[in-house]
Each structure stands twice: as structure tokens, then as C-alpha cells.
Amino acid sequence: MITIVNYGLGNVQAIGNIYRKAGIPVTLAEKPEDMVGAERLILPGVGAFDWAMHRLEESGMRPALQDLVLTKGVPVLGICVGMQMLADSSEEGVLPGLGWISGTVRHFEPGAAGEGVRMPHMGWNDIATGRSHPLFAGLESDARFYFLHSYYFEPVEHDTVLAWTDYGGRFASSVGRGNVLGVQFHPEKSHQWGVRLLLNFARG
Amino acid sequence: MLRPRIIPCLLVKGAGLVKTVGFGRPKYVGDPINAVRIFNEKEVDELVVLDIDATAEGREPDYTLIRNLAAECRMPLCYGGGVSRVDQFERIVSLGVEKVSVGAAIVENPNLVGAAARCVGSQSVVVIIDARRDAQTGRRLGWVRNGTVPTGLTVTDLVRRATELGAGEVVVNNIDLDGSMTGYDLDLAREVGIATSLPVTFLGGAGSLTHIRELFSAVGVVGAAAGSLFVFKGSLRAVLINYPRRSDRDELCLEVANRSVAS
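What you see is a predicted model, and the numbers here were worked out from it, not measured in a lab. (Residues numbered from 1 in each chain as written. Chains lettered and ligands numbered in written order. Predicted model: local features only at pLDDT ≥ 70, side-chain atom pairs only at ≥ 80, totals over all residues. Heavy atoms only, no water.)

Engineer: It is not clear to me how the overall build of chain B should be interpreted in this structure. Could you clarify?
Structural biologist: Secondary structure assignment for chain B yields 10 helices and 14 strands. Here the C-alpha atoms of chain B give a radius of gyration of 17 Å, agreeing with the 18 Å that 2.2 N^0.38 yields for 263 residues. Per-residue burial for chain B yields a buried fraction of 60% across its 263 residues. Here the contacts in chain B between residues at least 6 apart in sequence split such that 65% fall between residues at least 24 apart. Carbon and sulfur atoms make up 51% of the accessible area of chain B, which amounts to about 10,100 Å² in all. (Helix = DSSP H or I, 4+ residues; strand = E, 2+ residues; numbered from the N terminus. Rg over C-alpha atoms; globule rule 2.2 N^0.38 Å. Buried < 20%, exposed > 50% of the residue type's maximum accessible area, 1.4 Å probe, protein only. Contact = heavy atoms within 4.5 Å. Areas by Shrake-Rupley, 256 points an atom, 1.4 Å probe, with all protein chains shown as cover.)

What follows is the structure, encoded as C-alpha cells:
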């Protein structure tokens, strides 16, 4: 059973469809009661950081989410802005993040990355997995994922990085600490590779 | 290595998909959801869907269609048509669409671009500029409202303006070459490529993988969008949804990467 935190942002339906096709039941949680008994959580997200934090707060689900993840140790996967929300703060906004993995979300400096490196980072790119992790089982080589972002997660501790991606310099395209995982790319929009990752999360 | 993107562009008219020539003569090519399913199977890089009637008819985007498209799409989706307010960006993004495009706003309501970017993030705000070659001067001028209203500005001026306003991507849609399948306007592509540091996508003129290769050779890692190329097959333009094989695309990406290393 996968519980998707549906606070109004992110491609909830596309994620749900992938799991349903694989025969894995999905719950779309829209209020705290919907999260009771959650076994695995997905925190999607698109848009601006503050907007996403604000919408999550407004949904009333944040305390329940916090309890499940931090007290009960339920695995959670943050996607795109959902990964950025795991950080302490973001240069994109003023609201604090969830603070579940120490780090700051930084802006890609336009032009700093060099000639021909267009910003935002948009399109299909590779990942290099730092250490072996079940989330990336079978995706260690030749996998590619769809990225669409102007901000990136800069973790305090490098050993929380599960994968790096190179775009005018390397940045953390996946982070993880215990039961808290995040991916900057969009697995729900990354064809077979994204499906594999989402199924790894469900089964891992 | 970031790969250049090869992007089918689908035009919605009424309940169906059409393909135009020179922004006119719409020919019915099929059902939108069915097309998305086929493109899923072909693992396309990204998909653009433009509702070409919404702005002209002054109506809201078809949110039911957008919801269904977004749920079906296993690749990123850019939607355009009838968008003129921030709340529409919010609503479309919340339906699961990654990118929303506007055209006329860049001249009629320039603040919209920045306001939308602050809300949904600049990476999700796309400006589409319709390009038409001025017969006398040869300059490429920008048009809006599905190529019906001239802006009096050059395409590159509008591209710079979109960049300053805070857009996350610029799509240049070439009216003269729409449906021609004779190749992209490479001169314009080079100008636009230099005029902005944003991701850029070119639409209009692609008739073969060779044309796409020419575009990437001219401007590097950009988006190559096409309509006719991916919905028609053969000289009789029979409707057949198609897309280059992964091995061919990988080869093309490698060529672009090697070229940028060499240069």
C-alpha cells in the first residue's frame, strides 16, 4: 500500500497510475485521517517552495506526516519540490522546510555553470549512484530521468547523497537518510526508469 | 549529460487532434488520449499539447481534457491555450502538468509571466512566440494569438523580453514552416539561442531526423519539437503516430555531446 500525500501539488494521478498498473494499492491522502496506517508515503511537489510548504500546511496533514515519518519510521519519498521540502530551508522562499535531512535548497546561478548550460535544468539527464541503495536497484547504469528545476538540494552531510547528477557541476539528485528519501527528478515522468524506481520504493 | 529533447507537439481542436499547415487547413489526426498512449509506448522525451481554439474563442482551458492527459502521460507535459491568469497556471499545474505556456500575455499582460513564476516556479512557465518572416526585410517578427496578431517586435526581442520577465523556457513556433516538413529555420534558431540563456525549443519545419540533427548541430542542447513529422507517414501524409527509436536518439545525443566537448 502506497499513500500519496495529496495536498494539491504534483502529479498525484500519474504516480497513482504507475502503482495501480503494477497491482499495488494506492491511497490519496487529502486529510490527516486518510494517512492512518500508512506503510509508505510519497510527498510529491511542483512549483515554488513557499507555495508548496504553504499548501502542505493548509492541508492539515503536516503533523500526521511528521508523526508517521519521524516517530513511526514510515518510509517517505519526496519528489522534486517534495525532495526540496525535506531540507531546512530554501533560497526560493522564506518558510522553513521540514528539516528531515539537513541541507539548504540553493538556486542554480544562471551563467555560472558556463557557456551553453541553460537554466533552468530541463530535460533528461543521467545519475551516478554514490552508494548502493535499494531505491536505485537495477538503475545503476544507463538509467535517465526527467529533470525540471531551478533549485537544488545542498546537503550538509555528503553521506546523505544517494545520487549525483552533472549539470555544469554536480549536484545531489537524490538524498536519503534512514526512512527519508528524496529525488529531484520526476520518476512519474521518466518512463521505464521512473517506474522501476517507484516500484523499488514500494518493495524496498 | 543533459540530452537534447525531441518533442511531439499535438494540436487540439474541438475534441480531436489536428495538424495544420501554415497555422491553417486543420486536418483531423486522431484522439488525444489515444495519441498520448502511443507516445508513452515510444518513450518520448516530452509532449506539448496546444489547444488552438481556446484563446480565439475566449474560453477557459478544457480542464477535464488536461486532467486526463496529465494522468495518462508518462512523460512531461506542456500545455498551452487560453491561459491568461495566474490562477489558471495554478490549476493546470495542480492537475499534474509540468509546464504551462502563454503567448499573447508577453505583450498584452507582461506581468503575468513573473507572477506565474512566483507561484508555480519559473521552470513551469513557458512563453511561446509565433514567428513569421517579413517578406520585405527578411526579419523574423513575433506574432501572438495563434499567428493572427502582429507584435511589431522581432522574435529575438520577444525572446529577450520573456527571459527578463522570468519565463523558464521559450518555444519559437514558426508559422511559415508549420506543416512544411522542409527543415527548421536555422538562422532564427541561432539568433534565439544566443539571445537567451533559457532552455529553448523550436517548432515548425521538421520533416526528418536529419532536420533535427541540423538543429542540434546549429544550437546545441535545445528542444526540437515537431507536429507533422510524428503524426504523418509517407508522401501521402497518412496518419501514423511515430517517433525515432531510442538507439537513433541516443546516437544523436552522443553526437551533440561530442561536438560540445570538441568545441
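Engineer: Explanation requested: the nonpolar core in the structure shown.
Structural biologist: For soluble globular proteins, the rule of thumb is that nonpolar side chains tend to be buried together. Judged by nonpolar contacts, the single largest core of 151 residues is most densely connected at Tyr19(A), Leu41(A), Ile42(A), Leu77(A), Met85(A), Phe136(A) and Phe202(B). Residues contacting Met85(A), with those up to four places away along its chain left out, are Tyr7(A), Leu43(A), Phe49(A), Ala52(A), Met53(A), Leu56(A), Gly97(A), Leu98(A) and Gly99(A). Listed in part, the 13 residues of the second largest apolar core include Cys9(B), Val48(B), Leu50(B) and Cys78(B). (Core = buried A, V, L, I, M, F, W, Y, C linked by side-chain atoms within 4.5 Å.)

Engineer: Can you help me understand helix α5 (residues 111-120) of chain B in this one?
Structural biologist: Helical geometry note: an α-helix holds 3.6 residues per turn, so side chains three or four residues apart project in the same direction. With 7 of 10 residues buried, α5(B) lies mostly within the body of the structure. Within α5(B) the residues assigned to the buried category are Leu112(B), Val113(B), Gly114(B), Ala116(B), Ala117(B), Cys119(B) and Val120(B). Residues of α5(B) that are buried sit in contact with α2 (49-59) of chain A together with α3 (86-94), β6 (99-102), α4 (105-108), β7 (125-133) and α6 (155-165) of chain B. Immediately beyond the C-terminal end of α5(B), within one or two residues, lies Gly121(B), with a positive phi of roughly 95°.

Engineer: Any chance you could explain the pairing of strand β4 (residues 76-79) of chain A here in plain terms?
Structural biologist: Along a regular strand, successive side chains alternate from one face of the sheet to the other. Residues and elements named next belong to chain A. Side chains Val76 and Gly78 of β4 all project onto a buried face; the interleaved residues Leu77 and Ile79 project onto the opposite face, where all are buried too. Of the strand pairs in this sheet, strand β3 (residues 41-43) and β4 are connected by 3 bridges, and their pairing is parallel. Each residue of the ladder has a partner; that of Leu41, found in β4, is Val76. Two elements, β4 and strand β13 (residues 180-183), share 4 bridges in a ladder whose sense is parallel. (Pairing = 2+ DSSP bridges.)

Engineer: Explain the packing of aromatic side chains to me, please; I cannot follow it from the model alone.
Structural biologist: Summed over the entire model, instances satisfying the criterion amount to 9 aromatic pairs over all chains. Ring geometry for Trp124(A) and Tyr146(A): centres 5.8 Å apart, planes at 70°, overall edge-to-face. Of the two residues, Trp124(A) sits in strand β7 (residues 121-126) while Tyr146(A) sits in strand β9 (residues 144-149), which places them 22 residues apart along the sequence. Assessed through its relative accessible area of 2%, Trp124(A) is described here as buried. Classification of Tyr146(A) as buried rests on a relative accessible area of 0%. One aromatic cluster is present, built from ring pairs that chain together Phe108(A), Phe145(A), Phe147(A), Tyr152(A), Phe171(A) and Phe185(A). Taking NZ or CZ as reference, Arg170(A) lies 3.6 Å from the ring centre of Trp164(A), over its face. The aromatic ring of Tyr63(B) is capped on one face by Arg91(B), whose charged end is 3.7 Å from the ring centroid. (Phe/Tyr/Trp six-rings, centres within 6.5 Å; stacked < 30°, edge-to-face > 60°. Lys NZ or Arg CZ within 6 Å of the ring centre and 35° of its normal.)

Engineer: Quick question: what am I supposed to make of the interface of chain B and chain A here?
Structural biologist: As a measure of interface size, the accessible area lost when the parts come together is often cited. Counting from both sides, the interface comprises 40 residues of chain B and, opposite them, 36 residues of chain A. Between chain B and chain A the total buried area reaches about 3,300 Å² when both faces are included, carbon and sulfur atoms providing 49% of it. Taken as a group, Leu2(B), Arg3(B) and Arg74(B) account for 21% of the area that chain B buries against chain A, more than any other trio of residues on that side. For the pair chain B and chain A, the interface holds 3 salt bridges. Ionic pairing is found between Lys189(A) and Glu98(B), a salt bridge with its closest N-O pair at 3.8 Å. Elements with a minimum of two residues in the side of chain B that touches chain A: α2 (63-72), α3, α5 and α10 (246-262) of chain B. In the side of chain B that touches chain A, the residues fall into 16 nonpolar, 10 polar and 14 charged. (Buried area = accessible area lost by both parts, 1.4 Å probe. Salt bridge = Lys/Arg side-chain N within 4 Å of Asp/Glu carboxyl O. Nonpolar A, V, L, I, M, F, W, Y, C, P; charged D, E, K, R; others polar.)

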